[in-house]
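What the coordinates show
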Amino acid sequence: MLTTIAQVGQHVGQEVRIGCWLYNKRSSGKIQFLQLRDGSGFIQGVVVKAEVGEDVWEKASQLTQESSLYITGTVRADDRAPSGYELTVTGVEIIQIAQDYPISLKEHGVDFLMDHRHLWLRSPRQRAVMAVRSEVIRAMYEFFQENGFYKVDPPILTPTSAEGTTNLFHTKYFDEDAYLSQSGQLYMEAAAMALGRVYSFGPTFRAEKSKTRRHLIEFWMIEPEMAFVDHEENLRIQEAFVSHVVQSVLKNCQRELKTLERDTSKLENVVGTFPRITYDDAIKLLQEKGSDIKWGDDFGAPDETLIAEHYDKPVFITHYPTEIKAFYMKPHPDRPEVVLCADLIAPEGYGEIIGGSQRIDDPELLEKRFAEHELSEEAYRWYLDLRKYGTVPHSGFGLGLERTIAWICGLDHVRETIPFPRMLYRLYP
Ligand code: 4AD
Ligand code: MG
């Protein structure tokens, strides 16, 4: 019977057949230890010369790194094995002997690995990151499903910008100009007026000439938008959402977190309410620490790290200056120089993972903002309609999937959190 490494536990004492690749091999002359992987996990296959006969021994001897095969063997529970099981091999059917696999088990430089991303994905660490990514996505959908949200897909090709014009990806749309979506938010606001609570989950594009460990050109964003939800409620939903995702990974990805050598005690804190600091207080805090930042400046990555160091959970920085935030954010009713917004900063130096706000619901104020931001009224007329026909208080946020995964996995760089990263100067493979 064909099974997978993840499922061998259901077949202890039985003979199973598994399609797999050889990851590594040790041999003593009488016994060969095959490290096998099939995507679902890793298992050791033990080939004993005296037991298998010449033919099976010979085939096992031919196996090179990344050769593909079907292995047949008897499943044995073994507490010392990382997977908890071992295979006593009884048969080997070679599919292909791989020649000169370029990624050896030694260290390689990151450019080399990135050029071989299509193969690098097979390595235990990269497999673990992808498995965590899959669990993060699953848990996100689960959260929305359980909390009454509808999934809505905003367009990717758009006629206007949603988050400023400096990093738009331009393309031709027949005779018109078009841009790859930077954010689906504006469309999600329309959807929230139709369905109440909605979320999107899809690729977004920023032609950012920044080469940092937090920036991708193509990244995935999750954008919930909620009618009748104010700023406070928006933060509560974000806390519940992020906690659910982190706790799900802790529950379902222990093996992967171990492979990644992640200190999980830090992730265990991510429950309940998150600390908050206002932008005003964050500026003071940075000034006390010797920074020459002034009120009205935006935070750089080092500033965010300094602020986050004060807390052992993600922290909300709230009420940024109106001047430095997007046109659609609702001003504070008593202090119009700040907006009802928050960025969520991950602990341990991972930076901003969420940007969100309450949205302007007053049509007149929105029109004023169009003028201030030099946005064409014609292009945004449909968006203004949302405020003309039954406007309601509403809020939403956008969470960057790759930054969130980098934090949960404890990775230095977002490039390992997405199967095929699109970065400044990298479009291959
Ligand atoms: O803060 P941003 O730009 O917010 C928006 O786009 C809003 N329209 C979201 C909303 O309210 N619906 O982006 C949101 C998040 C950031 O916090 C960050 O996690 C991620 O998207 N992000 C990036 N991730 C990787 N590479 C980039 N270049 C990113 N730019 C933003
Ligand atoms: Mg932001």
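Residues numbered from 1 in each chain as written. Chains lettered and ligands numbered in written order. Predicted model: local features only at pLDDT ≥ 70, side-chain atom pairs only at ≥ 80, totals over all residues. Heavy atoms only, no water.

1. A look at the overall build of the protein chain
Broken down by element type, the protein chain carries 14 helices and 17 strands. Counting all 429 residues of the protein chain, 50% fall into the buried class. Across the protein chain, every contact between residues at least 6 apart in sequence was considered, and the portion connecting residues at least 24 apart equals 66%. Counting every atom, the protein chain has about 20,200 Å² of accessible surface; 51% of that belongs to carbon and sulfur. Averaging the coordinates of the 48 positive side-chain charges in the protein chain and doing the same for the 64 negative ones gives two points 6 Å apart. (Helix = DSSP H or I, 4+ residues; strand = E, 2+ residues; numbered from the N terminus. Buried < 20%, exposed > 50% of the residue type's maximum accessible area, 1.4 Å probe, protein only. Contact = heavy atoms within 4.5 Å. Areas by Shrake-Rupley, 256 points an atom, 1.4 Å probe, with all protein chains shown as cover. Lys, Arg positive; Asp, Glu negative; His and termini not counted. Charge placed at Lys NZ, Arg CZ, Asp CG, Glu CD.)

2. Observations concerning the pairing of strand β17 (residues 394-400)
Of all seven residues making up β17, seven are buried, and the element is well covered by its neighbours. Residues H394, G396, G398 and G400 line one face of β17 and the alternating positions S395, F397 and L399 line the opposite face, and both faces are buried. Note that strand β12 (residues 218-227) and β17 share five bridges and pair antiparallel. For A227, the partnering residue across the bridge sits in β17 and is H394. Two elements, strand β16 (residues 351-358) and β17, share five bridges in a ladder whose sense is antiparallel. Paired with I354 across the two strands is L399, which belongs to β17. (Pairing = 2+ DSSP bridges.)

3. Section: the sheet that holds strand β10 (residues 176-180)
Strands sit in the order β8-β10-β9 across an open sheet of three strands; the sheet is antiparallel. Of all strands in the sheet, those with a lone pairing partner are β8 (157-158) and β9 (169-173), marking the two edges.

4. Here's the deal with helix α5 (residues 124-146)
Along its 23 residues, α5 runs 33 Å from first to last C-alpha, staying within 8% of the 33 Å computed at 1.5 Å per residue. Just downstream of α5 lies G148, where phi reads positive at about 75°. (Expected span 1.5 Å × (residues − 1).)

5. Regarding empty space enclosed by the protein
By the definition in use, this model includes two cavities of 30 Å³ or more. Computed from the structure, the largest cavity encloses a volume of approximately 80 Å³. Taken together, T158, T160, S161, A162, L168, L180, S181, Q182, S183, L186, Y187 and W382 make up the full set of residues lining the largest cavity. The space that makes up the second largest cavity amounts to roughly 50 Å³. Lining the second largest cavity, in full, are R213, R214, G349, Y350, R403, A406, L411, D412, H413 and V414. Considering only residue class, the lining of the second largest cavity consists of four nonpolar, two polar and four charged. (1 Å grid on protein atoms, 1.4 Å probe; cavity = no way out; pocket = protein on both sides within 12 Å on 5 of 7 lines; lining within 4 Å. Points joined across faces, edges and corners; volume = space filled by probe spheres on them. Nonpolar A, V, L, I, M, F, W, Y, C, P; charged D, E, K, R; others polar.)

6. Examining unusual backbone geometry
Omega for the peptide link from Y428 to P429 comes to -5°, which places this bond in the cis form. Tracing the sequence through the fold places P429 in the segment after α14 (401-409). Of note in this structure, D100 is not a glycine but carries a positive phi near 50°. One can find D100 in the loop between β6 (85-96) and α3 (110-115). A residue is classified by how much of its surface remains accessible, and D100, at 73% relative accessible area, is exposed. Here the phi dihedral of F174 falls at roughly 55°; this positive angle occurs in a residue that is not glycine. Tracing the backbone shows F174 in the loop between β9 and β10.

7. Some remarks on the environment of K294
For K294, the position within the fold is in the loop between α10 (279-288) and α11 (301-308). For K294 and D280, which are 14 residues apart along the polypeptide, the C-alpha to C-alpha distance reads 9.8 Å. K294 has contacts with Y279, I283 and Q287, leaving out every residue within four places of it along the chain.

8. A few points about the UniProt feature "domain: Aminoacyl-transfer RNA synthetases class-II family profile" (unreviewed entry) in the protein chain
UniProt records the feature "domain: Aminoacyl-transfer RNA synthetases class-II family profile" (unreviewed entry) for residues 132-429 in the present numbering. As annotated, residues 132-429 has a helix share of 35% and a strand share of 20%, and its two end C-alpha atoms lie 22 Å apart. (UniProt positions renumbered as here; feature names shortened; annotations may be inferred.)

9. Looking at the pattern of salt bridges
Taken as a whole and judged by the stated rule, the model has 31 salt bridges. Between D55 and K59 there is a salt bridge; the shortest N-O distance is 3.4 Å. Residue D55 and its partner K59 are located together in helix α2 (residues 54-62), separated by four residues, close to a single helical turn. Taken together, the salt bridges that share partners define one network made up of E232, E233, R236 and R276. (Salt bridge = Lys/Arg side-chain N within 4 Å of Asp/Glu carboxyl O.)

10. So, a negative patch on the surface
Taken together, the side chains of D362, E364, E367 and E377 make up a negatively charged region of the molecular surface. With respect to the secondary-structure elements, E364 resides in helix α12 (residues 363-372). (Patch = residues over 30% accessible without salt bridge, like charges linked within 9 Å, V, L, I, M, F, W, Y side chains within 5 Å.)

11. Quick notes on the layout of surface pockets
Space inside the largest pocket adds up to approximately 1,200 Å³. If you go around the largest pocket, you meet 46 residues; those closest to its centre are E163, R206, E208, K325 and E352. Of all elements in the fold, only β12, α11, β16, β17 and α14 reach the threshold of two or more residues within the lining of the largest pocket. A total of five residues in the lining of the largest pocket trace back to one element, the largest contributor, which is β16. Considered class by class, the residues forming the lining of the largest pocket number 19 nonpolar, 13 polar and 14 charged.

12. Observations regarding the pairing of β6
With three bridges connecting them, strand β4 (residues 42-48) and β6 associate as parallel partners. Across the sheet, G45 pairs through a bridge with L87, a residue of β6. By the bridge criterion, ten bridges tie strand β5 (residues 68-77) to β6 in an arrangement that is antiparallel. Residue pairing for β6: A77 is matched across the bridge by Y85.

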